Structures are given as structure tokens and as C-alpha cells.
Amino acid sequence: MPYKFFLLFVCFYGMIQSGFSQNFSIVGSLKDSSANTYETNAVISILKQEDSTLTKFARSNHLGKFKINDLQPGNYLLLITYPKYADFIEPFKLGTVPNLDFKEIYLSKKATILKEIIINQTAIRIKGDTTEYKADSFLVKPNATVEDLLKELPGIQVDKDGRIIAHGQTVSKILVDGQEFFGDDPTIASRNLRADAVDKVQVFDKKSDQSAFTGIDDGKSTKTINLELKDASKNGYFGKIGAAALNEYYNGQAFINSFKQSRKLAAFIITSTTEKTGLSFDESTNYGFDNNNIRIDEESGAMFITSNGGDDLGSQNYSGAGLPESIKGGLNYSNKWKGDATKTNGNYLFNKLKEHRMENSFRQNTLIDSVYFNRENVDHNSLNRRHTLSGIFETIIDSSSSLKLEANGYAGIFEKNDHFESEALAQNNQRTNNSIRKTNSTGDNLSLNASALYRKKFKKQGRTFSLNISTNYFESDQEGYLQNKSFFYDKTNILLKTDTTDQHKKNLSKQSVLRNKITYTEPLSAKSFLEINYSFSHNSSHSQTLSFNKDLNSKFSVLVDSLSNDFDYKINTHSAGINYRFNEKKYYYSFGGNISNTEFNQHDLEKNSSRKYDYINLFPQAVFNYKFNSFSNFNIKYSGKTNQPTINQLQPLKNNNDPLNIIIGNPDLRQEFKSTVQLTYSNFQVMNERYLILSSFLVHTSNMITSSYNIDSLGRRVYQPVNTDNGYAISFGSGYSIKIANTPLRLAFGPSLNYSEYNNFINGERNVTRITNILFRINAKMAKKEKYDLYATLIPSFNNSTSSISAASSTRFTNYNLNTGGSFTLPAKFEFGTDININLREKVNKYDINNNVVLLNAYIEKKLLKNDLLSLRLSINDILDQNKGYDRYINPFYMEEKTFLTFRRYGLICLTYNIMNKGGKVKKEDGTIRL
């Protein structure tokens, strides 16, 4: 198993660091760089690299020589100080030879270097569990955004969709001065805030409010970036305004930030008919196992296990398929009072997304000892609107207690119209059936969430009490029409029968959840704590689905009993738990868990039948974290949790939205239990900007909820969710980044491995699907201020899928992705930039088409006005006119390839004005002005 080898490596590394006891020494001599004379009585200090603490020091003799003995192996800094001379600093490592000779070291007088003293802070710092980057230490172009800055930081990657990966994990939240900024859409901050307004970028795992309060890790954290603004940026306002258009395409955006110390006010609006919608990245690629759908990312080769959950609007994201027309705008307000004792933060967002999408899909389905194929063409049109409000209020009641209130909600409407044409083919390419289907629906949805958290600290250090109350409500109401005509053929292609469907459909769903949790912590010693908790939750869901056929007067009034249902689903859970945590300087660990009793009550209102059952569940968890030093860390986590089936999975109802692919609920579904083990090792060398991360996880799911399907001789399929024995997912990832000394070149690379194994049923037979993905990422960047900025990324990936019941359905393919480009500063304030993205995709069967793409983009830009505040840009997208929307999915019972309508060659003329900080002057303590 990969994680076993990884754990062995970490243990070996630790033994190496602590196993040597040999003493070492350093020698050298000092000279004046200009007079070539020896320097006497200069101070030579030896500092530890990890925390800059003084280890030993000495003075140079009358010949400028020095020697320091009895040093232990490790990483150090040599610091030489002498009056009127610039400090000399050089990192070095002891551990290979007994004596290290620095030979002659030349010191320079301050007067010959600079007329004023410049203090340069280290570009990267590790402060506990937080990695902090000094923004001004990294090269970005004038008027760059935070996203441009993040791309320059070691250990952070930003992909083409704006998804941010920090230290191997997806960033789900960006804070500004510790406060929320337009909710959970990181791209609003990363793509619109100015890089020169940022003082520090801090990356950390944001713990839950309860964990941060008690100090006991509950295993819940989110990878978070905090942007700490410069003092000057906290007074005044800054932003940008831009407009771009040519022919039928346009982009427009305006973003303004107003700051007055702790009070922040921001507003933005983005409107576009291109892919630059400014919407958040597609969060469906987070790891999850709701429907066992595995997607292979064609650019990175990564395997994602995705969920199709959520309402019709989803998160109002443009996924990259189709042609969008979007408007997104919002307001953000935050403030602090009474010495930060009271804080508030509020957001309003408006989304409108109109989308036209055309797709062609080819699906290879698994059968026993054979395969069959489906082709489908889709013409999709949709319109979604949503208003969202959110707010947070925190106040410190007194020195020992605090209150935090949170609320958010949205109201939205949607319209959808789809036209489908499909056909099913046997393995010999013989047509089995084909159909023409039209669907349309309109509706609205509503979501409300609120919570209150009261916390109390007692006189005894570590003794705390907290009460958390939360409620959630969701409602969706929609109706529409289904029209379908299907044709079925025999083996000689003779038409056997025709089916016609013409129905009116209504769907109403509601869900409300109430949760209460009490937590008490008690210190057992100065280093150990005990947490005791009790919680109760009530979950109530209601789903009504109605289908109507036409009566003799052509009105939809005849209820179809087999396709209609009214269903209630209630879950009551009592849970109690205990957790123990022990803290040491270099390590901490915690373990414990909860035991719960969950009662389920299913009520079929249509059939007037009920079913009650309950489970006793155990939720274990454990965390161990060891810090070799401030730059090197190892962490292992284990957690176990249940996943209850949804009301749609339980509801005993046929869903015939696609009459050739019927879905039936299963009221006998049991909850599944998921165990997760995650290991992470990271090492950061500040002086040479080297970053190493190794991570792996293992997920085991028992009673896994997966799918069973049966297919008849006419090619009609019936799906039903069922429980299977086990499911596995194993992943190993790595990343190594280093800046080559004395060059502008930074290199990064790292392999990753993903493996999954699932069970499902095909025509009553158990099928085991095994999916493997291996990829290797190589990245190079080099930049020279006001000259050039170049990059190149190569990602080869290998993918393999096998089926236990059908060798014919096994799939194996290799992808290669090369993305390279850069920008060049030209005379007269011109800038030229280009990028080329080459995707080479191996065919998977004889029916596959050529899906290789070479995508070439370029722009030329002219800077205008003082400080380059105004820019005029001409850009051309897809110069070779080869762009092709493409995606590939691997599922336990099929492999699917999609091509879809996307943006081909087009140009834009863009004018952008950057608003530098106005009124942002800050008085220093000595009365001078700092910009």
C-alpha cells in the first residue's frame, strides 16, 4: 500500500535527523572588500535556520580569522556583523564533513552599497501551522490581480478555471484581513483584488469554530487563504473598470473597494458573453461518493469522483460547456468595533446565467461478456436567476463568553428546455432503438440557514462550555412537460414497435433540519484535555412527484399512479461522544468518537404505508501531528462517518424523464459507512524556496450505495440504487518545487496515483470495476522584471478501467497535455503575450473520433497614462480555430465521451482602467506620511 511506504519514509527521515551525535566546526577569515584588509573583532554568529535562535558566536582575531567548534548537524545561518559594514548572511548545512571552511569572506561598507538602509524581510515564513508569503517579495506585473500573485507563490497553483490548490488541497475560502469576502467564492477576491494592496498571503487549515475554541481537533477543516492588506490599502479606495467587445462577444466588469481602517465596503459587477464569466469554479469535482461517477480531467489527467447532487441551479457556475451569457454582481460590508470585540460581515450576490449548450455523447456500456453503445445529441437552453444574502455577527459578551450568529439564504428561479436525439447500438453496431425527446421545466427554489454559537470559558484554564443551535430549510417547486417517441428494432433492423409519451409533471420537495449540540471541555493537565458532547438533530423531508396524461379533451388531468408519489422521510438522531487531546511542543494527538442512535421513519402517503427502523452508529476519529521543525510536518488522520440515503433514492417511484432509462427508488436502502485515513508530509526550505509535499488517503465504504441496472432485448434500461459490500479509493500525490539559485527559474514536478474499486449489478450479476489513473506533472517558470514571464507545463497521464464480467468493456488510454506561453515587455509600453495548449487524447475504440486539439491564443497590449493605469488590449482566442469541447467519464458500468459546443476563434478589444489607492495615506507614529 502506498501509505505504508510513505509512513516508513517519514520515520526514516526522523531517525536521520535525530540519530547523529558527531560534533562539527567551521572556519574562515574576514576581509574588507575594497581595502583588502583584515577585519578584527567582527562578530560571527551561528543561528538555527528553523527559528533563527542563536547557537554559538565568536569574534575574528587580528588576522581576521575565526573558528567555532562543537556544532551539531543541521541547517544554520552564518551571520557576520561589524560596525559600518553591511551584515553578511549565508545559509549552510553541517552533516557531511567534520570541518567546513568558508575561506575568505569579503565584507562591504554600507556607504558603498546604499545611501539608505533597506531591510529585506524573508519572502516566506512558517508560523506554526500557517505558511506566510511576503507579497512584495514576488514579481508580478503592474496592476496585477491577487490571482496573478498566487501563481508566483511556491506551493500554490491556479488552474485555468481559477481553482486554487494550496499545498496539495483545494482552497475553498479566501478571507480579507480575517473576514469573509463575498461568501465562499474564492475567485471574486483572487480575480478582482489588486496584488499591490496585499501585504501578506497566509495559507492555513481553518478549523471549525468549535475546534478553534476548545483546542480539540474535530477533524473538520477547510484550506483557507487570508489576504492581509497593507496599512495604506486600509484607508481609501481602489479598484478597476474594464470593457471588451468585438462582434457578438463582450466582457464588462467593475470592482471597487472602500476601506477605512476596520470598515470595508466592496462592490462588483461582471457581465459577459465569453467564458470569462467570473463565476466560481465547479465544486462538483470535490471528492465524494454519492453516485460513484468518476471523471478524468483531460488537462491534468486527475480522476475525480463526482456527485450530481444539488438543485437545478446548482452553484450557478459556467462549466465550460456551451455558450453563456451572464451577469454577476454583489456587495460586501464588514466592520469591527470596541477593539475588535464586535464584528459583522454581510454579503449580497445576484447571479443570472443564460446558457445554450449542444452536446454529442458516445457511451460504451458494460454487459455480461459484451458491450453495447449509445449515441445522443442534446440541444440545451437554460436561464437561471438567484439572489443570495449572508451575514455573520460576532461579539464578545464579557471576558469569558462570546456569541456568534450566522445566517444565509437565497431565492431563485429557473427555466430549462432540452431536445434529445439518441440511439442504442449492439456490439456489432446494429441499431436496437432510437428516440426523440423534448423536456421543459420552470420553477423556483428557496434556501434558508441560520445558526447561533454561544461559548463560555471558566476560570480554570481549558474548561469551556459551548452551545450550538442551527436550522436549515430548502424548498423547490417546479413543473414541466415531457414528450418522447421511441422506436425499437429487431436484429434485421425491422421496426418492431413504437412508444409515445406525452405528460405533464409537477415536483415539490421540502427539507428542514434542526440541530443542537452541547460541548464541555475539561483540562486533565497542562497538556491534556477531555471533550464531552451531546447533540440532537431532526431531519424532515417531503417529496411529491405527480405525472399526468391527457384526457379525452387533450387536457393533462389523468394522474399516472405508477409515476406519482407523495413521500415523507424523517430522521431523528441522538449522539454522545468523548474526545481526548494531548499537546506537546513538537507533537499533538487526539482520539475519541461519538456513538449515536438514529431513527428512520418512511411514510408513503400515496399508499398509506410506513416503515420504521433504527441504527446504532459509532463515529471514531483520531489525529496525530508531528513537527520535525518549523518547516517540516507530518500528519495522519482517521475518521468514520455514515451517509444516509436521500429521499429521492428511497422514494418507491419510477422516474421516466428518459423513457429508455428508467430510475426506480429503493425504500430498502441502508445507510453506508465511510472510513477515511489521510497522511500528509510537508517540508519547506525557506532560503532556497524549496517545497515538498507528500499526501495519500484511503477511503473504504461499507454498505456502499451504488447502482443496479437491467437491460432488456430492446435496449431499455432500468436503474435502481442498491447497497453493495465494499468500495475502495486510494490516492497518492506529491509535489516538489524549487527555485534554482542565482537564476529566475523555478521548477516543480510530482507524480500522483489514483485507484478505485466498486461493486455494482448488471442484469443481476455482480460486477467489480477497477479504475487506475497515473499522471506526472512537470512545470517550469521563469521571469525577469519588466522583461519577460515564461511558463511551461507538461502532464502525461495513463488511465485504465477493467470490468470483472466483461473483458470487452475494459478501457485503456493515455493523454498528453502541454501548456506553454508567456508575456514579453516591449518598447513604448507595449506588451505581447501568447499561450498554446496541446491536448493529445488516445482513442479508446474503433468508433472514436480524433479529439486532439491545439489551442493557440495571443494578445498585444499598450499601457497608457501615469503608472500604467490605463491599458488597451487586442486579443485573439483560438487562432487556429481548433477548439473542441471534450470530456471523458469512467463509471462502474459505462465509459462516456462527450463533445460539446464551446468557444471557437474570436477576438476582443479591451480597455481597462485601474483605480490606484485614493486617500490611502497613513500617518506613522513620528508624524511622517507612508504610502
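Calculation rules
Every residue gets a number counted from 1 within its own chain, in the order that chain's sequence is written. With pLDDT at 70 or above as the cut-off, local features in this predicted model cover only qualifying residues; side-chain atom pairs require 80 or more to be listed or tallied, and sums for whole chains, interfaces and linings still use all residues. As a rule here, side-chain values come from all non-hydrogen atoms in the structure, and water together with hydrogens is ignored. Helical segments are the DSSP runs of H or I of at least four residues, strand segments are the runs of E of at least two, and each set is numbered from the N terminus. Each residue is placed in one exposure class: buried if its accessible area under a 1.4 Å probe, protein chains only, is under 20% of its type's maximum, exposed if it is over 50%, and partly exposed if it falls in between. The criterion used for residue contact is that any of the two residues' heavy atoms lie within 4.5 Å. Here the open area of atoms and residues is found with the Shrake-Rupley method and a 1.4 Å probe, where only the protein chains shown may cover a residue. Two strands are said to pair when DSSP picks up at least two bridges between them. Note on definitions: angles span 0 to 180 degrees between N-to-C directions of axes, and those axes are lines fitted to C-alpha atoms, for helices only across the stretch in contact. Here the nonpolar core consists of buried residues drawn from Ala, Val, Leu, Ile, Met, Phe, Trp, Tyr and Cys, with membership extended through side-chain atoms lying within 4.5 Å. In what follows, salt bridge is the name for a side-chain nitrogen of Lys or Arg lying within 4 Å of a carboxyl oxygen of Asp or Glu. Only residues whose relative accessible area exceeds 30% and that form no salt bridge enter a patch; like-charged residues are grouped when within 9 Å of one another, and nonpolar side chains (Val, Leu, Ile, Met, Phe, Trp, Tyr) when within 5 Å.

Draft legend 1. Examining the overall build of the chain more closely. Across its full length, the chain carries six helices and 51 strands. Expressed as a percentage of the 931 residues in the chain, the buried residues total 48%. Pairs at least 24 apart in sequence give 64% of the contacts found in the chain among residues at least 6 apart. Split by element, the accessible area of the chain, about 44700 Å² in all, is 55% carbon and sulfur.

Draft legend 2. Representation of the sheet that holds strand β5 (residues 74–81). Pairing is antiparallel across the open sheet formed by four strands, whose spatial order is β3-β2-β5-β6. At either margin of the open sheet sits one strand with a lone partner, and together these are β3 (54–59) and β6 (88–94). With strand direction ignored, the average angle separating the axes of adjacent strands in the sheet is 20°. Where strand β2 (residues 43–48) meets β3, five bridges bridge the pair, whose relative direction is antiparallel.

Draft legend 3. Just the nonpolar core, in detail. By size, the foremost hydrophobic cluster in this structure holds 39 residues, and its most contacted members are Tyr 133, Leu 150, Leu 193, Val 201 and Ile 225. Ile 46, Leu 71, Leu 78 and Ile 80 belong to the second-largest nonpolar core, a separate cluster that totals 19 residues.

Draft legend 4. Inspection of the sheet that holds strand β1 (residues 24–32) at higher detail. Spatial strand order, β4-β1-β7: three strands in an open sheet with mixed pairing. At either margin of the open sheet sits one strand with a lone partner, and together these are β4 (65–71) and β7 (99–107). Ignoring strand direction, the axes of neighbouring strands in this sheet form an average angle of 15°. Two strands pair when backbone bridges link them, and β1 and β7 are joined in this way by seven bridges, in the parallel orientation. Looking across to β7, one finds that Lys 31 is bridged to Tyr 106.

Draft legend 5. Structural detail: the pairing of strand β17 (residues 235–246). Pairing analysis gives twelve bridges linking β17 to strand β18 (residues 249–260), with the strands arranged antiparallel. Of the residues in β18, the one forming a bridge with Ala 243 is Gly 252. Two successive antiparallel strands, β17 and β18, enclose a turn made up of two residues, where Asn 247 displays a positive phi of approximately 55°.

Draft legend 6. Region of the structure containing the pattern of salt bridges. Counting across every chain of the model gives 35 salt bridges. Across the pair Asp 199 and Lys 200 runs a salt bridge whose closest N-O atoms are separated by 3.2 Å. Look at Asp 199 and you get buried, because its relative accessible area is 13%. Relative accessible area serves as the criterion here: at 16%, Lys 200 is assigned to the buried category. Arg 437 is paired through a salt bridge with Glu 376; the nearest N and O atoms lie 3.6 Å apart.

Draft legend 7. Representation of the pairing of β18 in the model. In the sheet, β18 pairs with strand β19 (residues 263–272) via ten bridges, with the strands oriented antiparallel. Paired with Asn 257 across the bridge in β19 is Ala 266. In this antiparallel pair of consecutive strands, β18 and β19, the connection spans two residues, and Gln 261 shows a positive phi of 55°.

Draft legend 8. Molecular detail of a nonpolar patch on the surface. Where nonpolar side chains cluster on the molecular surface, the patch consists of Leu 246, Phe 824, Leu 826, Phe 830, Phe 832, Ile 860, Leu 872, Leu 874, Ile 909 and Leu 911 and spans about 770 Å² of accessible area. Within the residue set of the nonpolar patch, elements represented by two or more residues are β43 (811–826), β44 (830–841), β46 (870–877) and β49 (906–918). Within the secondary structure, Leu 872 sits in strand β46.

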